[in-house]
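These are the residues of each chain, in order.
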Amino acid sequence: MRIWILVSDTSSNMKNDHSPPAPHPSRGETPLPGTVPPLERNPDADVIHTPLEAAIGEGDLRAAEDGAVVKGSSLWQDAWRRLLKNKLAVIGMIVVGVIILASLLGPFAIRKATGVTPEYIPGDAALLKSFPPFTSPDGSFSWKHPMGTDTQGRDLLARVLQGGQISLMVGIISTLVSLLIGVSYGAVAGYIGGRVDDWMMRLVDVLYSLPYIIIVIVLLAMFRSQTPRGQLILLFIALGSVSWLTMARIVRGQVLSLKNQEFVLAARATGVSTPRIIFRHIVPNALGPVIVYATLTIPTVMLSEAFLSFLGIGVQPPLASWGSLATEGIANIGIFPWQLIFPGITMALTLFSLNFLGDGLRDALDPQMRKF
Amino acid sequence: MLRFIIRRLLVTIPTILVVITITWGLIRLAPGNFYTGEKRLPPAIEKNIREKYGLDKPWHEQYGRTMWGMVRHLDFGTSLKYEGQSVNAIIARSLPVSATVGILAYLLALLVGITFGSIAALKQNSRWDYGSMALAMLGISVPNFVLGPILVLLFSLSLYWLPPSRWNGFPSKNLILPVLTLSAIYMAYIARLTRAGMLEVLRSDYIRTARSKGLSERHVVVRHALRGGLMPVVSFTGPALAFLLTGTVVVERLFALPGLGNYFIQASLNRDEPLILGIVAFIAIMLLTMNLLVDIAYAYLDPRIRY
């Protein structure tokens, strides 16, 4: 029996694609740009085990079709190409990149340019107050403080950029913690299966229904004010350990569909140990949805961090995050609105861009997960 | 159905006890206690207080006493900070405030979210669609403690239309800003969920059937599509309640409302153990019961689901 495979553009909605396999085009025909010709693959095999999207990138097909040696494009390259077509996602990516770079380099650049550090409190008592953006102490226009100064006369731009370091760090590290827990948990549950899987997933169901934010508040409030650094580590652990549940479910689902495939069987037949199969053979193949969900977890975690900082149990001074800077600004909203508006807008812009980037990545990496 | 409810109850009740136990454990594991403050109490007074509240007993006895009081009499004891006030009285007093703001915000979010979500789905890829989805993304990305003060700055401190804070009973102008602040993020989520759900339903066969029967577009949308398209919104109600909780904490602090969330944060910062435990237990019970009700409603609305 011959197997014909119709490869549709994976970014289109696959559910509505019920057209029958197209006949094989004549060998000499060159495929139209942008369309993928149907492929005759392994004509002697009766069954194909590997799902198409996972196994074959578009470039591979064309190479096989023409019989020529063309550099094959991997799934990742295809995904990257699809991502670049999504304007909003590209803008999101650029904005996030700019904000990360500015947060990392900005404080140094400002010190080079104006000699002001984020912690610098002017010695002159006349400067110990909050100046509006682009204003010098005598009220005239000046480039020295583009975002104004805070109540102690510190440069707000430098503080916002340095706050970005903390906010992004909390977002990224907590997401990594949740990745570590979620991926291991989901992979183990999915691979072992049976009763173990039942119990592990039931535990996830129970944890899902817990009002975890209350527990985080109690945890942080109780163990508060050891040291700012200690509080930060506590924050990573607390936020990371409550946001792994969905990740565990996603990974488990992926593993369930991967574990009966031939490459796993081959690994097992050659005597590879179970942990090695899980983490070296299965998990890398489930990476797409994991990356998508991790990208969407970062803004959620950053929002939680800001929320906790607003309550006074998140980032502790002298460290400052966007959340704690905005909180300082709230107290002076009527008089010095820029103290709230600049950190607030920077944060909103970052979360906005991260969300769009996450949505774009989802469309590019995992078209089936896409909600239109 | 009855079996399903009973089975869920069998999971729900231990879960509530676990939440309370974790909270109790956290309070106890943390160094210090309610009486370790800046001002040191004379040892004799501290000893008397510890005896009065049973803090001198071994931990398992204290745990047993706390849990027994809750399970047996639904009694959470007396607040340490607000002397002489029972936890039950504080909850009873602050719940109406939180509930009013929360319910109004949720209703507003449903109204606006479903409307804009449906419009976006019906006019997919139009200006309406992109506009409302961009707004929704904005609603998800702007933290509510940034949005609230900006609204205050605009409507109270610049235009002098609305009062900036304080609780003033149910129908009052004071409620407008808190409710708006709280509902922004739900509006956004509900609009996105409605749009996704509606798009999926609008492509299904039964909608084509309804259209080909010659039903009016209005009838198709309102009677046929909305029912199926709103399923994701129904299942969002559970998580929404959890969100509502964190949201009310922020909004109550921003607008100085004497609600449950405000008391909870104060109690946590004061290490007021009975009050923390009481509010945590109350919230856990409410949340899990609501989750159960949502699941039942889900089964009722979608006949394909069988338990």
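Residues numbered from 1 in each chain as written. Chains lettered and ligands numbered in written order. Predicted model: local features only at pLDDT ≥ 70, side-chain atom pairs only at ≥ 80, totals over all residues.

Participant: Just give me the short version of the overall build of chain A, but keep the residues and values in it.
Facilitator: Looking only at helices and strands, chain A features 14 helices and two strands. Of all intrachain contacts in chain A linking residues separated by at least 6 positions in sequence, the fraction that spans at least 24 positions is 68%. (Helix = DSSP H or I, 4+ residues; strand = E, 2+ residues; numbered from the N terminus. Contact = placed C-beta atoms within 7 Å.)

Participant: Mind laying out the nonpolar core, listing which residues take part and the relevant values?
Facilitator: Core analysis: the biggest nonpolar cluster contains 155 residues, and Ala187(A), Val251(A), Tyr186(B), Ile190(B), Ile279(B), Val280(B) and Ala284(B) have the highest contact counts within it. For this core, the leading source of residues is helix 7 (residues 176–202) of chain B, giving 16 residues. Sequence-distant contacts of Ile190(B), defined by excluding residues within four places in its chain, comprise Ala109(B), Leu110(B), Gly113(B), Ile114(B), Gly117(B), Val233(B) and Phe236(B). (Core = buried A, V, L, I, M, F, W, Y, C linked by C-beta atoms within 7 Å. Buried ≥ 20, exposed ≤ 12 C-beta atoms within 10 Å, placed from the backbone.)

Participant: Tell me about the confidence of the model for chain A, and please be specific about residues and values.
Facilitator: All names here are of chain A. Per-residue pLDDT for chain A averages 74, and the proportion of residues at 70 or more is 72%. The least confident element of chain A is strand 1 (residues 4–5), whose mean pLDDT is 40; the most confident is helix 5 (residues 156–192), at 88. In this model, residues 1–65 is a region of pLDDT below 50 whose contacts with residues beyond four sequence positions or in other chains number 68 contacts. (pLDDT = per-residue confidence, 0-100.)

Participant: Help me get a handle on helix 4 (residues 87–114) of chain A, residues and values and all.
Facilitator: The axis of helix 4 of chain A is deflected most strongly, by about 50 degrees, at Leu105(A), and proline Pro107(A) appears within four residues downstream. By the burial criterion, the buried members of helix 4 of chain A are Ala89(A), Gly92(A), Val96(A), Ile99(A), Ser103(A), Pro107(A) and Ile110(A). (Bend = angle between axes of the 7 residues up to and from the residue.)

Participant: Explain the interface of chain A and chain B to me, using residue names and the numbers behind them.
Facilitator: On the side of chain B, 37 residues touch chain A, which itself brings 33 residues to the contact. Of all elements in the fold, only helix 7 (212–222), helix 12 (287–310), helix 13 (322–331) and helix 14 (338–365) of chain A reach the threshold of two or more residues within the side of chain A that touches chain B. When the residues that make up the side of chain A that touches chain B are grouped by side-chain class, the tally is 28 nonpolar, four polar and one charged. (Nonpolar A, V, L, I, M, F, W, Y, C, P; charged D, E, K, R; others polar.)

Participant: I'd like to hear about the packing of helix 5 of chain A against helix 14 of chain A, residue by residue, with values.
Facilitator: Residue and element names in this part refer to chain A. Contact geometry of helix 5 with helix 14 gives a least axis separation of 10 Å together with a crossing angle of 40 degrees. The angle between helix 5 and helix 14 falls in the class oblique. As for the relative orientation of helix 5 and helix 14, their crossing is right-handed in sense. Contacts between helix 5 and helix 14 involve Leu156, Val160, Gly163, Gly164 and Ser167 from the former and Trp338, Gln339, Phe342, Pro343, Thr346 and Met347 from the latter. (Axes fitted to C-alpha atoms, helices over the stretch in contact; angles between N-to-C directions. Parallel < 35°, antiparallel > 145°, perpendicular 65-115°, else oblique. Left-handed = near helix turned anticlockwise from the far one by under 90°.)

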